[in-house]
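Survey of secondary and tertiary structure
Chain residues, written in single-letter form:
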Amino acid sequence: EYELPDVILYPTGGGVGLIGLWKAFNELEALGWIGSARPRLVSVQAEGCAPVVRAFAAGADSIEFFDNATTGAAGLRVPRPFADRLVMRILKETEGTAIAVSEAQIAAAVAELAGCEGHYICPEGAAAVAALPLLRESGWLRASDRVVILNTGTALKYVGAVDLTGVPGSSSRLFRSSG
């Protein structure tokens, strides 16, 4: 039997990644490959477009449209996930949470991973990386938790839009928010 992590941080736009994880866990359990324990799933969004975070904080079962959604992380710019009730159910059933990060935090995470690890990840994945210390500082994550952060793509589709100032070999411009 395989062992799952304690927590999975997922950058959430439409929420289909969370749904896919949940479905996969159920199928793996049906095959006998894992037990009934599930990771706590975390929906990570940008402050400028955080409908899941707002609904979670309100204890809602559905998600309302997020007016004037803005973020430079295009994959997170989804003002209302289509499968909103399922996303909310999954977060509640896994005892997960939802958290928003700023554009500055996203940009800093892109630059940090590029400089320290040599990974040029997309702003969406960087949002999930940026959420990790916030969850630790709040006490929601424990030092003993085994955490997986899912990155959903490369920053190559954002060339010229990510600040890599100070990263060796880089002269990229500042991450810009767009509506």
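Structure shown above.
The rules we used
- Residues numbered from 1 in each chain as written.
- Predicted model: local features only at pLDDT ≥ 70, side-chain atom pairs only at ≥ 80, totals over all residues.
- Heavy atoms only, no water.
- Phe/Tyr/Trp six-rings, centres within 6.5 Å; stacked < 30°, edge-to-face > 60°.
- Lys NZ or Arg CZ within 6 Å of the ring centre and 35° of its normal.
- Pairing = 2+ DSSP bridges.
- Helix = DSSP H or I, 4+ residues; strand = E, 2+ residues; numbered from the N terminus.
- Axes fitted to C-alpha atoms, helices over the stretch in contact; angles between N-to-C directions.
- Core = buried A, V, L, I, M, F, W, Y, C linked by side-chain atoms within 4.5 Å.
- Buried < 20%, exposed > 50% of the residue type's maximum accessible area, 1.4 Å probe, protein only.
- Contact = heavy atoms within 4.5 Å.

**Quick look at the packing of aromatic side chains**
- The final tally for this structure, using the stated rule, is zero aromatic pairs.
- A cation sits over an aromatic face here: arginine 38 above tryptophan 22, 5.7 Å from the ring centre.
- Over the ring of tryptophan 140 we find arginine 40; its NZ or CZ atom is 4.4 Å from the centre of that ring.

**Re the sheet that holds strand 1 (residues 7-11)**
- The strand order 3-2-1-4 describes an open sheet built from four strands, whose pairing is parallel. One side of each edge strand has no neighbouring strand; the edge strands of this open sheet are strand 3 (97-101) and strand 4 (147-149). Recorded for the sheet is a direction-independent mean angle of 20° between the axes of neighbouring strands.
- Pairing between strand 2 (residues 40-46) and strand 3: five bridges, direction parallel. Paired with alanine 46 across the strands is valine 101, a residue of strand 3.

**What to know about the nonpolar core**
- Core analysis: the largest hydrophobic core is formed by 23 residues, its most contacted members being Leu18, Leu21, Phe25, Leu41, Val52, Val87 and Leu91.
- Those elements that provide at least two residues to this core are strand 1, helix 1 (16-30), helix 2 (51-58) and helix 3 (84-93).
- Among the elements that take part in this core, helix 1 stands out by supplying five residues, more than any other.
- Non-local contacts of valine 87, meaning those with residues more than four positions away in its chain, are made with Gly14, Gly15, Leu18, Ile19 and Val52.

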